[in-house]
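Observations on the three-dimensional arrangement
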Amino acid sequence: MKIGIVCYPTYGGSGVVATELGKALAARGHQIHFISYAMPMRLDGFLGNVFYHEVEVARYPLFEFPLYTPALASKIVEVSRYEKLDILHAHYAIPHAVSAFLAKQILHGDLTIITTLHGTDITLVGLEPGFLPVMKFSIEQSDGVTAVSRFLREKTTTNYGIDKEITVIPNFVETSKYRRIQRDDVRKSFAPQGEKILVHVSNFRMVKRVTDVVRIFAEVRKKVPSKLLLIGDGPDRSMCEVLVRELNMQEDVTFLGKQIELVPLLSCSDLMLMPSQSESFGLSALEAMACEVPVISSSVGGLPELQVHGETGYIAEIGDIDRMSRYAIDLLTNDGKRAMFGAACRRRAVEHFDVEKIVDQYEDYYRQCLGSTASPASHTAPASP
Ligand code: GMT
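Residues numbered from 1 in each chain as written. Predicted model: local features only at pLDDT ≥ 70, side-chain atom pairs only at ≥ 80, totals over all residues. Heavy atoms only, no water.

In this section: the overall build of the chain. Secondary structure assignment for the chain yields 15 helices and 13 strands. What you see for the chain is a C-alpha radius of gyration of 21 Å, in line with the 21 Å of a compact globule of 385 residues. With respect to the principal axes defined by its C-alpha atoms, the chain has extents near 65 × 50 × 40 Å. Across the 385 residues of the chain, 55% fall into the buried class. Within the chain, counting contacts between residues at least 6 apart in sequence, those at least 24 apart form 70% of the total. In the chain, the 41 positive side-chain charges and the 46 negative ones have mean positions that sit 3 Å from each other. (Helix = DSSP H or I, 4+ residues; strand = E, 2+ residues; numbered from the N terminus. Rg over C-alpha atoms; globule rule 2.2 N^0.38 Å. Buried < 20%, exposed > 50% of the residue type's maximum accessible area, 1.4 Å probe, protein only. Contact = heavy atoms within 4.5 Å. Lys, Arg positive; Asp, Glu negative; His and termini not counted. Charge placed at Lys NZ, Arg CZ, Asp CG, Glu CD.)

Neighbouring residues of the ligand: 18 residues in total, closest Gly-13, His-118, Thr-120, Arg-205 and Glu-279. One nitrogen or oxygen atom from the side chain of Thr-120 is found 2.4 Å from an oxygen atom belonging to the ligand. A distance of 2.5 Å separates an oxygen atom of the ligand from a polar atom in the side chain of Glu-279. Here the ligand loses 95% of its free accessible area of 480 Å² to cover by the protein chains. The site holding the ligand turns out to be the largest pocket. For the shell around the ligand, the element with the highest residue contribution is helix H1 (residues 13-27), accounting for 3 residues. Classifying every residue of the shell around the ligand gives 5 nonpolar, 11 polar and 2 charged. Residue contributions to the shell around the ligand reach at least three from each of two domains, namely domain 1 (2-172 + 354-373) and domain 2 (184-353). (Near = heavy atom within 4 Å. Polar contact = N/O pair within 3.5 Å; in protein donor to acceptor, adjacent residues only side chain to side chain. Areas by Shrake-Rupley, 256 points an atom, 1.4 Å probe, with all protein chains shown as cover. 1 Å grid on protein atoms, 1.4 Å probe; cavity = no way out; pocket = protein on both sides within 12 Å on 5 of 7 lines; lining within 4 Å. Sits in = over half its atoms within 2 Å of the grid points. Nonpolar A, V, L, I, M, F, W, Y, C, P; charged D, E, K, R; others polar. Domains from an automatic or database assignment.)

Now for a nonpolar patch on the surface. A cluster of nonpolar side chains, namely Tyr-60, Leu-62, Phe-63 and Leu-67, defines an oily patch on the protein surface of about 430 Å² accessible area. Tracing the sequence through the fold places Phe-63 in the loop between strand E3 (50-54) and helix H2 (68-83). In this structure Phe-63 comes out as partly exposed when scored by relative accessible area, which is 34%. (Patch = residues over 30% accessible without salt bridge, like charges linked within 9 Å, V, L, I, M, F, W, Y side chains within 5 Å. Salt bridge = Lys/Arg side-chain N within 4 Å of Asp/Glu carboxyl O.)

On to the packing of helix H11 (residues 283-290) against helix H14 (residues 335-353). It is at 7 Å that the axes of H11 and H14 come closest, and there the two elements cross at 115°. Across the interface between the two elements, Leu-286, Met-289 and Ala-290 from H11 touch Cys-345, Arg-346, Arg-348, Ala-349 and Phe-353 from H14. Its residues assigned to classes, the contact of H11 with H14 shows 6 nonpolar, no polar and 2 charged. (Axes fitted to C-alpha atoms, helices over the stretch in contact; angles between N-to-C directions.)

Glancing now at the pattern of salt bridges. This model, assessed by the stated rule, comprises 26 salt bridges. Where Glu-363 meets Arg-28, a salt bridge forms, and the shortest distance between an N and an O atom there is 2.7 Å. Of the two residues, Glu-363 sits in helix H15 (residues 355-373) while Arg-28 sits in the loop between H1 and strand E2 (31-36), which places them 335 residues apart along the sequence. Relative accessible area serves as the criterion here: at 10%, Glu-363 is assigned to the buried category.

This paragraph deals with the side chain of Asn-203. Locating Asn-203 in the fold gives a position in the loop between strand E8 (196-201) and helix H8 (210-223). Discounting residues that sit within four places of it in the chain, Asn-203 has contacts with Tyr-11, Gly-12, Lys-208, Asp-233, Gly-234 and Pro-235.

The subject of this paragraph is the sheet that holds strand E10 (residues 253-257). Strand order in this open sheet of 6 strands is E10-E9-E8-E11-E12-E13, and the pairing throughout is parallel. Of all the strands in the sheet, the pair left with one neighbour each is E10 and strand E13 (313-316). For this sheet, the mean inter-axis angle between neighbouring strands, taken without regard to orientation, is 20°. Summarising the sheet, E8 and strand E11 (residues 271-274) pair through 2 bridges and their orientation is parallel. Note on E11: the bridge partner recorded for Val-199 is Met-272. Along the sheet, H8 makes contact with E8, strand E9 (226-231), E10 and E11, crossing E9 at roughly 170°. Sheet strands touched by H11: E8, E11 and strand E12 (295-298). Its angle to E11, the strand with the most contacts, is close to 170°. (Pairing = 2+ DSSP bridges.)

Relative to the 22 Å expected for 16 residues at 1.5 Å per residue, H2 spans 22 Å between its end C-alpha atoms, a close match to the ideal helical length. Those residues of H2 hidden inside the fold are in contact with strand E1 (2-6), E2, E3, strand E4 (87-91) and helix H3 (93-106). Backbone geometry just downstream of H2 places Lys-84 in the positive-phi region, at approximately 55°. (Expected span 1.5 Å × (residues − 1).)

None of this, on its own, says anything about what the molecule does.
In structure tokens form, the structure reads like this:
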């Protein structure tokens, strides 16, 4: 198949899922055309069957705001016409599903559109009165809609009153790449005295409650010699840096900023903290689980679909720093239990969320949508060996 993938290129789960999906599909012989305003973060190095089309947004003194939505629609039309796309897969509904709808109209319907809902596009941003009618409309107009968790499917149906079938296809991880490796050098550089290592990965937005991570660590550190690695960047990072200094923990907390190579960092971690206020799935928790790192998380959104309380980690109410700290101390002071949880994490990642299984589901879904839209011309190319 020839598949266009529209996504955000930035450090965030939806862009990561879109990029990893495209790469996996390309490896199966599909031709993949990424469309975005910058090169997606994980689209590193040359890959056969993968093409990248940059959306250029014209600037003009009259425009106070960049006109991304029509520029993206025009780019979709161009790529679809000249590359003869079978499918356009939009990741994150705002504004991608809107541009996709517009492009389909211009193409007289000759494009099958699939929208994947990821999280705040539904639970936060899309609910703004300024967006809601357009969101509802563009989701309903997509030929296929998927959501990354059952939670998100339910939210979409209830919040928008959408009467359309939404298929749940969970996020995934490449478990052959995301696996625990021996990196004593990395571990030693952060924890020279054999301290335990806690890790958090996010885009440091308010919903991630990164200050809770710092406060949990402050409690843990009173009982367990430990270090905290904070990976990622975003609006709340400065506030967290201030908090770390206020709590006089600079020696034990490292802000690593955005990192692409997560495996060595996750491999030397003992525990991941994800105390989010909202989380439709929690992709970075899954990546940690694949590397045998148990997770202490809040109970929100799709997190209980991902991890099993008392088996792959522990789940507590949002903001219950006390309980999360106790859970963390329990796991960090019990090596046998932590190893058992780590093994359960890996098993769960491999059995339920491995890239190959989930990409099978996307391929089936593409075929199903192509079948039901009965596009006038089929551009399907044979898969290369
Ligand atoms: O909704 C967002 O915060 C943006 C999005 C992203 O691009 O990071 O994250 C969402 O999509 C991820 C991939 O499907 C999920 O793993 C995250 O849980 C989800 N974030 C939220 O729901 C807050």
